[in-house]
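Below are the chains, spelled out letter by letter.
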Number of protein chains: 4
Amino acid sequence: MTSLKKSVYEIIEEAAPGHRASQIFDIFLIALITLNVVALIVGTVEGIHLISPRAFHLFEVTSVGIFTVEYALRVWTCTEDAKYAHPVKGRLRYMVSPLALIDLMAVLPVYLVFFVNLRGLDLRFLRLVRLLARIVRLSRYFSSLRTLGRVLHTKRGELTAVVSVLFLLLVMTSSLMFFAENGAQPEEFASIPKAMWWSIITLTTVGYGDVFPVTAAGRLLAGVIAIVGIGLFALPAGILGSGFMEALQEEARPPVRCPHCGEVIERM
Amino acid sequence: MTSLKKSVYEIIEEAAPGHRASQIFDIFLIALITLNVVALIVGTVEGIHLISPRAFHLFEVTSVGIFTVEYALRVWTCTEDAKYAHPVKGRLRYMVSPLALIDLMAVLPVYLVFFVNLRGLDLRFLRLVRLLARIVRLSRYFSSLRTLGRVLHTKRGELTAVVSVLFLLLVMTSSLMFFAENGAQPEEFASIPKAMWWSIITLTTVGYGDVFPVTAAGRLLAGVIAIVGIGLFALPAGILGSGFMEALQEEARPPVRCPHCGEVIERM
Amino acid sequence: MTSLKKSVYEIIEEAAPGHRASQIFDIFLIALITLNVVALIVGTVEGIHLISPRAFHLFEVTSVGIFTVEYALRVWTCTEDAKYAHPVKGRLRYMVSPLALIDLMAVLPVYLVFFVNLRGLDLRFLRLVRLLARIVRLSRYFSSLRTLGRVLHTKRGELTAVVSVLFLLLVMTSSLMFFAENGAQPEEFASIPKAMWWSIITLTTVGYGDVFPVTAAGRLLAGVIAIVGIGLFALPAGILGSGFMEALQEEARPPVRCPHCGEVIERM
Amino acid sequence: MTSLKKSVYEIIEEAAPGHRASQIFDIFLIALITLNVVALIVGTVEGIHLISPRAFHLFEVTSVGIFTVEYALRVWTCTEDAKYAHPVKGRLRYMVSPLALIDLMAVLPVYLVFFVNLRGLDLRFLRLVRLLARIVRLSRYFSSLRTLGRVLHTKRGELTAVVSVLFLLLVMTSSLMFFAENGAQPEEFASIPKAMWWSIITLTTVGYGDVFPVTAAGRLLAGVIAIVGIGLFALPAGILGSGFMEALQEEARPPVRCPHCGEVIERM
């Protein structure tokens, strides 16, 4: 029995180099999740969904079945991992790990719909949870996303400093514009939080054009804010961008290996 | 009496390392100012304000009371600082220092409303002054904002050069567009200052879409201006951004200390 | 006969230094293709086309004639190139090479219109193929475009990593915005693919203003997405830009030559 | 007589260090031109112009008088410069130099209005020439603008390469969008030149929102174009920006001087 559990564990864990069955399982799972995400996205287009609602439903039910079996197998075999060795406590701790929770959230919403009586809003929220959980599952296989996560961690000091400055700037510009434009446009600049919407859309240079100053004072203020502020709102972008490029270049560099045993000594 | 004044001075001054009472006072003040700014911002949303106008009023009155006491204590104890040692002249000089003026502007508007008969515009202006003064007070506790201030000082040469070029570019493109579009759009391009609004919103790439050229000549001109000009309008952003990043990295570097006495020799 | 073929080959091939006839042929061809592209572009302006539809037609027919002769000459003389030496197989292989296919696509659509009975859509598609083929032909003479192509090749690793992150971000933000805004704007956010249009236009900071969030939740979400996401969407731009600048500077540097034979040893 | 001419020449030429009269003349002229530009700009605002049309007229007439005298003095004294030493030929050559032509264009339009019978269009064109000439005159005193001019010269190779790529990209994306959207929006995408307006406004990320794709094919295409293209359209900005920063830093560096005679050996 133990040997079966170990074999299953080796197959459903991330592919070890050379382990064919594990590689095939991984490719199958990536393909299934990708198709699933595509189906959930394309399924929101009414014209496409109406071609064959049954096909969409069937694919969804089958996928959820496979994901459920996979989840059960993961919980069953997780005791092979030294971290979750205890048959009960280990399994419970595995079940509350972020990875397992994401796996659960990718299937649970479907079962909730069967057993619980839900209103429209909850149904839509569950669909969102299901979709996001599957996108996150898919993103686990993107190494570049892991790189980005590492960059966010490395640059957290700079990012915090920049975001705090942006926040103060946002509060200040929104207050100024609220007082400048509230008289002329009581709808669009009804409150400071509403003026913040203007500030963000202007300072990121998106500029939808749904809100803009119309008074001379407001335009003068907006001009100065735009010229000064876009420099600061471009900072998080710059930090993330340059950090990501550095990290990609680091990864492309061959790791330093011990000349005797060949093991990696330094990787970054 | 002097020892009490000195104790109060030590508490309300910026927290020295290890001085618990001073640290608690600082945290309390930061929390109070933050809540105050949030209340003033959220209070502009009619729906939220109407839930309990009395709660907003009570919180405001209490805050102003505390800020007034704090201001009085600061004026009373400022003579402990060698710079403001003289009991009368020193206190007066302290009261016209930027920090003290901001503190005053955070409370004075409320008293003015009580004693002076004001019209609508003045009332709104006083509310703005009060809010801005408190945001500035809050920003005093953000070290990253001090860093940004230092960057503005270090890069003032480059920024002046760039801003003067931007100003000439703005005047020139606005003049050209005014002559190109005034005939077809006498409202939107009514004057050169109005055309400047178009120039700023286009060259910062915000592009609200409230004003844009419609004639063939105007569009050709606008296309050339957009391609050439956005490079120049992105310069202040680039200078501020790169300067800010450099300053943050400098600060993360440990300062050079004398190997004998341990004092900081060089910090930047 | 062979000597004539060789002479023609030398003329129509890219100009060797000092070969006058070949240089004149090249200049003539560049001028003709440029005029052709200009005529096809300007010909879509109704007012200009109606001045003299016959002139446009005549110029088109003449150009196609010249391009056809040129194409025939190229196929005839390609056997001079060692790669396509075989009279039949070599010529066939030349004819399916990308360069020759582009040349063919620049003339074939005109002949198809004569011999095949076509409906409106096909006609317009053929006009597009013809125009694009000629632009591509023209771009062959732009060395800076070759540089850009080389940059795309060198940076393909970084670009793939970045584009995969962008894709996940796009899917995730579109899903979130669809669920946030679909209730309030069932037209604009009718499906997740429609929400993707919003995502792309916002994250590239274009911001047309045809779709934007109107609910408080949607605006909060959009604000966070805008500040975080524009940094990532600016990455492909940054990679292409910096790579292009590096490549241009490399090219400006004189190549390393062997001190004995004068041949180029290293070029990049 | 010669000594008077030489004195006048020294005063109206750019201020030599220590020459007080010349410095005062320069400051007076800068102030006059600045006021002039401000008056011409502000004079286009109807409300302001109507306050006192006579004051505007009087200031204009006085200024033109002073500029005319100044121009006459410059032509009279230019023979002091070795380049224009010949009394007739030298003066003629001075008069066709760019600087002198700009000076002439700043006054000539006013005289033309007096002596020639002009229609509305010509009048407005002359006003534009006068305003632009005075802005250019003013910009002569901005050293940062000279720096920018030098950058344009130094980077002309890169700029030409980039602009040629942008041009091809513009032609290609406009052609594609014309064929994708012309059917659905025959007004906005009436011709390829009209589609170019869309391309420029999208690729520079201005995004007014006056033209945007509405078909699924057009939106897909626009999304790809936006992500790929904005990187390339940001290049001229990047080249100008980085070049300008480099030049400003170069200028801030002290020049290398000969240790013997103290003359500047190298400045860049």
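These numbers were taken from a predicted model, which means no experiment stands behind them.

Caption draft 1: View of the overall build of chain A. When you go through chain A residue by residue, the secondary structure sums to 13 helices and two strands. Taken against the 2.2 N^0.38 rule, which gives 18 Å for 268 residues, the C-alpha radius of gyration of chain A at 26 Å runs more than 25% over that of a compact globule. The C-alpha extent of chain A, read off along each of the three principal axes, is 80 × 60 × 35 Å. A separation of at least 24 residues holds for 59% of the contacts in chain A among residues at least 6 apart in sequence. For chain A, the accessible area works out to roughly 14000 Å², and carbon and sulfur atoms hold 69% of it. Taken as two groups, the 25 positive and 21 negative side-chain charges of chain A have centres that lie 6 Å from each other.

Caption draft 2: Fine view of the confidence of the model for chain A. All names here are of chain A. Across chain A, the average pLDDT comes to 85, with 94% of residues at 70 or higher. Within chain A, the lowest mean pLDDT, 64, falls on strand S2 (residues 264-266), and the highest, 94, falls on helix H11 (residues 192-203). Here the complex is predicted with pTM 0.86, and the ipTM for its interfaces comes to 0.85.

Caption draft 3: Highlighting the interface of chain C and chain A. Each partner contributes to the interface: chain C provides 40 residues, whereas chain A provides 35 residues. Carbon and sulfur atoms supply 78% of the area that chain C and chain A bury against each other, a total of about 3200 Å² over both sides. It is C:Leu168, C:Phe179 and C:Ile227 in chain C that bury the most area against chain A; as a group they hold 21% of the surface buried on that side. For the interface between chain C and chain A, the tally reads one salt bridge. Inspection of the region where chain C meets chain A yields five residue pairs in polar contact (both at pLDDT 80 or more). The set of elements that each furnish at least two residues to the side of chain C that touches chain A consists of helix H10 (156-181), helix H11 (192-203), helix H12 (216-233) and helix H13 (235-252) of chain C.

Caption draft 4: Seen up close, the relation of the copies chain C and chain A. Structural alignment of chain C on chain A gives an RMSD of 0.1 Å, achieved by rotating through 90° and translating 0.0 Å along the axis. Such a turn and shift between the copies fits a four-fold axis. Interface residue correspondence from chain C to chain A reaches only 10%, placing this contact among heterologous pairings that use different surfaces.

Caption draft 5: Spotlight on the domain arrangement of chain A. As assigned here, chain A comprises domain 1 (4-141) and domain 2 (143-268). Each of domain 1 of chain A and domain 2 of chain A has a C-alpha centre, and the two are 34 Å apart.

Caption draft 6: Summary view of a nonpolar patch on the surface. Residues and elements named next belong to chain A. Where nonpolar side chains cluster on the molecular surface, the patch consists of Val-88, Leu-92, Met-95, Val-96, Leu-101 and Met-105 and spans about 510 Å² of accessible area. Listing elements by their share of the nonpolar patch, those giving two or more residues are helix H5 (89-95) and helix H6 (98-105). Looking at the secondary structure, you find Met-105 in helix H6. For Met-105, a relative accessible area of 37% gives the class partly exposed.

Caption draft 7: Just helix H4 (residues 53-77) of chain D, in detail. Taking 1.5 Å as the rise per residue, H4(D) with 25 residues should run 36 Å; its terminal C-alpha atoms sit 36 Å apart, in good agreement. Listing the buried residues of H4(D) in full gives D:Glu60, D:Ser63, D:Val64, D:Phe67, D:Glu70, D:Tyr71, D:Arg74, D:Val75 and D:Thr77.

Caption draft 8: Quick peek at unusual backbone geometry. All names here are of chain B. Positive phi is not limited to glycine here, since Thr-205 has a value of about 60°. Its location among the elements puts Thr-205 in the loop between helix H10 (192-203) and helix H11 (216-233). Judged by its relative accessible area of 10%, Thr-205 is buried.

Caption draft 9: Layout of the packing of helix H10 (residues 156-181) of chain A against helix H8 (residues 143-154) of chain B. It is at 8 Å that the axes of H10(A) and H8(B) come closest, and there the two elements cross at 85°. Comparing the axis directions of H10(A) and H8(B) gives the class roughly perpendicular. Residue-level inspection shows A:Ala161, A:Ser164, A:Val165 and A:Leu168 of H10(A) in contact with H8(B), the latter providing B:Ser144, B:Leu145 and B:Leu148.

Caption draft 10: Broad picture of the layout of surface pockets. Empty space within the second largest pocket amounts to approximately 1400 Å³. Lining the second largest pocket are 50 residues, and of these B:Leu220, B:Leu221, B:Gly223, B:Val224 and B:Ile225 lie nearest its centre. Elements with a minimum of two residues in the lining of the second largest pocket: helix H9 (156-181) and H11 of chain B, helix H2 (20-42) and helix H8 (120-139) of chain C together with helix H9 (143-154), helix H10 (156-181), helix H11 (192-203) and helix H13 (235-252) of chain D. With twelve residues, the single largest contributor to the lining of the second largest pocket is H11(B).

Caption draft 11: Main features of the pattern of salt bridges. Scanning the entire structure with this criterion turns up 36 salt bridges over all chains. In this structure, the salt-bridge partner of D:Arg137 is D:Glu70, at a minimum N-O distance of 2.9 Å. Separated by 67 residues along the polypeptide, D:Arg137 in helix H8 (residues 120-139) and D:Glu70 in helix H4 bring together distant segments of the chain. Under the relative-accessibility criterion, D:Arg137 is labelled buried at 2%. A salt bridge links D:Arg137 to D:Asp103, with the nearest nitrogen and oxygen atoms 3.3 Å apart. Remark: D:Asp103 occurs in helix H6 (residues 98-105) and D:Arg137 occurs in helix H8; sequence separation between them is 34 residues. Members of the salt-bridge network, linked through shared partners, are A:Glu70, A:Arg74, A:Asp103, A:Arg137 and A:Arg140.

Rules and cut-offs
Residues numbered from 1 in each chain as written. Chains lettered and ligands numbered in written order. Predicted model: local features only at pLDDT ≥ 70, side-chain atom pairs only at ≥ 80, totals over all residues. Heavy atoms only, no water. Helix = DSSP H or I, 4+ residues; strand = E, 2+ residues; numbered from the N terminus. Rg over C-alpha atoms; globule rule 2.2 N^0.38 Å. Contact = heavy atoms within 4.5 Å. Areas by Shrake-Rupley, 256 points an atom, 1.4 Å probe, with all protein chains shown as cover. Lys, Arg positive; Asp, Glu negative; His and termini not counted. Charge placed at Lys NZ, Arg CZ, Asp CG, Glu CD. pLDDT = per-residue confidence, 0-100. Buried area = accessible area lost by both parts, 1.4 Å probe. Salt bridge = Lys/Arg side-chain N within 4 Å of Asp/Glu carboxyl O. Polar contact = N/O pair within 3.5 Å; in protein donor to acceptor, adjacent residues only side chain to side chain. Least-squares fit on C-alpha atoms with pLDDT ≥ 70 in both. Domains from an automatic or database assignment. Patch = residues over 30% accessible without salt bridge, like charges linked within 9 Å, V, L, I, M, F, W, Y side chains within 5 Å. Buried < 20%, exposed > 50% of the residue type's maximum accessible area, 1.4 Å probe, protein only. Expected span 1.5 Å × (residues − 1). Axes fitted to C-alpha atoms, helices over the stretch in contact; angles between N-to-C directions. Parallel < 35°, antiparallel > 145°, perpendicular 65-115°, else oblique. 1 Å grid on protein atoms, 1.4 Å probe; cavity = no way out; pocket = protein on both sides within 12 Å on 5 of 7 lines; lining within 4 Å. Points joined across faces, edges and corners; volume = space filled by probe spheres on them.

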